[in-house]
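Report on the structure
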Amino acid sequence: MERRGLTYLLLLPLGALILLFLVWPLALVLWESLWVDGRLSLGNYSLLIFRNLYRESLATSLILSLSTAFLGTLLGVPVSYAIHKTRGGVRSFSLALTAVPLTFSGLIVGFSFIILLGTSGFFTLLMQRFFGINPLEFSEFLFTWRGLVVAYLYFLIPRMILTMVAAWSNADWSQVEAASSLGARPATVFFKVLLPMLAPSVLAGSSLLFAVSMGAFGTAFALTGTGVKILPLVIYTHVSEVAADINAADALAIILTTVTTGVILVYEQIFVARQPVRG
Amino acid sequence: MRLSAWKVLVLAVGLVFALTAVAVAFDEELYPGERELWEKAREEGGLNSYDTGPTWANWQGQFDAFTERYGIQINYNDLGSGATVVRLEKESNNPQADTAYYFMPFGALAAEKGLTAPFKPVNFERLPEMIRHPEGKWFSIHKGTVVFVINKRLVSETPTSWEELLDKRFRKSVVYLDPRTTGIGYALTIATTYAHGGDLDDMSPGIDYLAELQQAGNVRLIEKTTPFDKFVKGEIPVWITYDWNGYRAKYIAGLGDAVDLVIPEEGTITAPYAISMVEGAPHPNTAKLWLNFIMTDKGQGIFAKGFVRPSVPGVELPEEVAGKFLPASDYDRAQDVDWIKAQSVQEEAARMWGSKVLGED
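Residues numbered from 1 in each chain as written. Chains lettered and ligands numbered in written order. Predicted model: local features only at pLDDT ≥ 70, side-chain atom pairs only at ≥ 80, totals over all residues. Heavy atoms only, no water.

1. Focus: the overall build of chain A
In terms of regular secondary structure, chain A is built from 13 helices and two strands. By its C-alpha atoms, chain A is 70 × 70 × 35 Å across when sized along the principal axes. Nonlocal contacts in chain A, meaning residues at least 24 apart in sequence, comprise 71% of its contacts between residues at least 6 apart. Between the averaged position of the 16 positive side-chain charges in chain A and that of its 12 negative side-chain charges there is a distance of 14 Å. (Helix = DSSP H or I, 4+ residues; strand = E, 2+ residues; numbered from the N terminus. Contact = heavy atoms within 4.5 Å. Lys, Arg positive; Asp, Glu negative; His and termini not counted. Charge placed at Lys NZ, Arg CZ, Asp CG, Glu CD.)

2. Comments concerning the side chain of Thr 193 of chain B
Residues and elements named next belong to chain B. Position of Thr 193 among the secondary structure elements: in helix α7 (residues 183–195). Here Thr 193 falls in the buried class, since its relative accessible area comes to 1%. There is a polar contact of 2.8 Å between the side chain of Thr 193 and the backbone oxygen of Thr 189. Within the local environment of Thr 193, its side chain forms a polar contact with the backbone oxygen of Met 203, the two atoms lying 3.5 Å apart. Apart from the residues within four sequence positions on either side, Thr 193 is in contact with Gly 198, Asp 199, Asp 202, Met 203, Gly 206 and Ile 207. (Buried < 20%, exposed > 50% of the residue type's maximum accessible area, 1.4 Å probe, protein only. Polar contact = N/O pair within 3.5 Å; in protein donor to acceptor, adjacent residues only side chain to side chain.)

3. Quick word on the interface of chain B and chain A
Contact residues are listed per partner, giving 29 residues for chain B and 33 residues for chain A. Of the roughly 2800 Å² buried between chain B and chain A, counting both surfaces, carbon and sulfur atoms make up 57%. Summed over the three residues of chain B that lose the most area to chain A, namely Arg 220, Lys 224 and Asp 361 of chain B, the buried surface amounts to 22% of that side. The closest approach of N and O atoms between Arg 171 of chain B and Glu 137 of chain A, which form a salt bridge, is 3.3 Å. Where chain B packs against chain A, one counts 12 residue pairs in polar contact (both at pLDDT 80 or more). Mapped onto the side of chain B that touches chain A, the elements with two or more residues apiece are α4 (81–90), α5 (104–112), β7 (219–223), α9 (228–233) and α16 (346–357) of chain B. Along the lines of polarity and charge, the residues of the side of chain B that touches chain A split into 10 nonpolar, five polar and 14 charged. (Buried area = accessible area lost by both parts, 1.4 Å probe. Salt bridge = Lys/Arg side-chain N within 4 Å of Asp/Glu carboxyl O. Nonpolar A, V, L, I, M, F, W, Y, C, P; charged D, E, K, R; others polar.)

4. Quick word on a nonpolar patch on the surface
Together, Tyr 8, Leu 11, Leu 14, Ile 18, Leu 19, Leu 22, Val 23 and Leu 26 of chain A make up an exposed nonpolar region whose accessible area comes to about 730 Å². Summarising the element assignment, Leu 22 of chain A is placed in helix α1 (residues 2–34). (Patch = residues over 30% accessible without salt bridge, like charges linked within 9 Å, V, L, I, M, F, W, Y side chains within 5 Å. Areas by Shrake-Rupley, 256 points an atom, 1.4 Å probe, with all protein chains shown as cover.)

5. Comments concerning the environment of Pro 128 of chain B
Residue and element names in this part refer to chain B. Note on placement: Pro 128 falls in the loop between β4 (116–117) and β5 (139–151). Distance from Pro 128 to Asn 94, taken between C-alpha atoms, is 33 Å for residues 34 residues apart in sequence. If we skip the residues at most four places from it in the chain, Pro 128 touches Ser 311 and Pro 313.

6. Considerations on the packing of aromatic side chains
Residues and elements named next belong to chain B. Following the criterion strictly, the structure yields 41 aromatic pairs over all chains and no others. Taken together, a centroid distance of 5.3 Å and an interplanar angle of 90 degrees make the contact between Tyr 242 and Tyr 273 edge-to-face. Here Tyr 242 is found in strand β8 (residues 238–242), whereas its partner Tyr 273 is found in strand β10 (residues 268–278), with 31 residues between them in sequence. The exposure class assigned to Tyr 242 is buried, which follows from its relative accessible area of 0%. Note on Tyr 273: relative accessible area 2%, which makes it buried. Sitting over the ring of Trp 38, Arg 42 keeps its end group 4.5 Å from the ring centre. (Phe/Tyr/Trp six-rings, centres within 6.5 Å; stacked < 30°, edge-to-face > 60°. Lys NZ or Arg CZ within 6 Å of the ring centre and 35° of its normal.)

7. Describing the side chain of His 84 of chain A
Note that His 84 of chain A resides in helix α3 (residues 52–85). Not counting chain neighbours up to four residues away, the residues in contact with His 84 of chain A comprise Arg 91, Val 165, Trp 168, Ser 169 and Trp 173 of chain A.

Okay, here's the thing in structure tokens:
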């Protein structure tokens, strides 16, 4: 009992931090979004249904995040397996290299993509030189939501890899060996043993990618103008234009937070709760 | 009173700083009372200047000259005019900024909301009445003309008119700033309006034109802050912006003949920029020192060195820039506008732009 008391005591700073910098600000935002002209109202949220701009930006944000989560998983999982299989210096080197993109701020990532794929970017000029491709047409996609998918993958794939490398290491390979030695075909081993074992980690990884790309701001800010309608940028425009609509921005921020945390919570409910503790 | 060792140390360090500050002192006053104001400002220990981005309108030149003369550091940010007013409003209970700079109508808006303090700087009386608040709650410091800035490495034939920009060969080429959040964006919306026979009572001709440009697929990007670096890097074929950005790219960033400046045939407008002392500024004396400095003939000349035309009439342009401006006959096509009125119709214009150009409703 005494030990438990001590544990809670040690948790206090964290609790205070969460209260002060997460719960309190969020509560303020929620309050501002609900308080319209001196009374409680869902007006700001109903705008989300009635205003094209909000519907579109929510849709684009969802498509963007689903695409990045899907592609990031598709590309990240095989790479993570490859890294898992390496040993020694190669392994630490590739893990270190994987972590590098995570250290850059979004603005830097955005600008580096301009340098590589922009109108006078390195690859763009190569394409022009060797294939006669018009640089204006080639680089145009970079400033659309599809360009954001490419740019986001740069910092999302490493997240997938790091999640999965841990999963591969913790996987119970003796089950795979047992299945094989009992005569199961590789396909059966893959679908019946390996996939169920790894699925929770893969889903955990991809829901993380989804949440991160829903909220990513810096890269989108550096790359695209106000033409691309995604939630973080629409929120930005709302708090910085003359006819600023802070309350609508608050409502959008609440939606954004709900979607991202919702995805992670649902994942945890479905998978983590059922997971046997391994040890 | 007994002095402990660390107090002595603090005093000594303070003394050294004070002496250094004296070392950057000036010989002659730019205006009566400058030295006295400076003495007071030095005790305040800094200045927060909103929206004076260093690559915009030669603010870097002003910062350098100010810090060299007075030994006072300037903290700045680069928000955009609209965002600046919003920020001032959000912070009005606990002001952080000493001075705020914006496209003039935004200054009028800030004054109307009670966010700015009255202050009449040096040369205030020389400003035309149209571009200063009667009590000095804002006043114009420089102006810019809306032009096309062309990167000739990306565009083979320089367009000379708004009409020409609609041509297919400018597909995905035109970049401009968002009228809802930035002064330049709003200024160019007024410019397209005047060029198409509209006025402040009816801005639809200009906004319809921008919608047409959008539908033609010729708009590459609508930016939120000045993409000067992107232009220099070679990302922007046709940039609708202020003249000084073009001159800066051409003569200061060294792009030279690769850059063309065009004042469109149908006409354009010249926009004044304003600055204010913020109501409740934490460093009021420094704010006054800073505002006075940029309004002296010396400060106005620093703008001119960056090809930014001063607001104070009769300030002589430095020789190295005077001959590089486009001919006066081109500038004749740029009209002046009733900027106070422009402020009153701005919200409506911003809404109309959003709905017609981006299809937001």
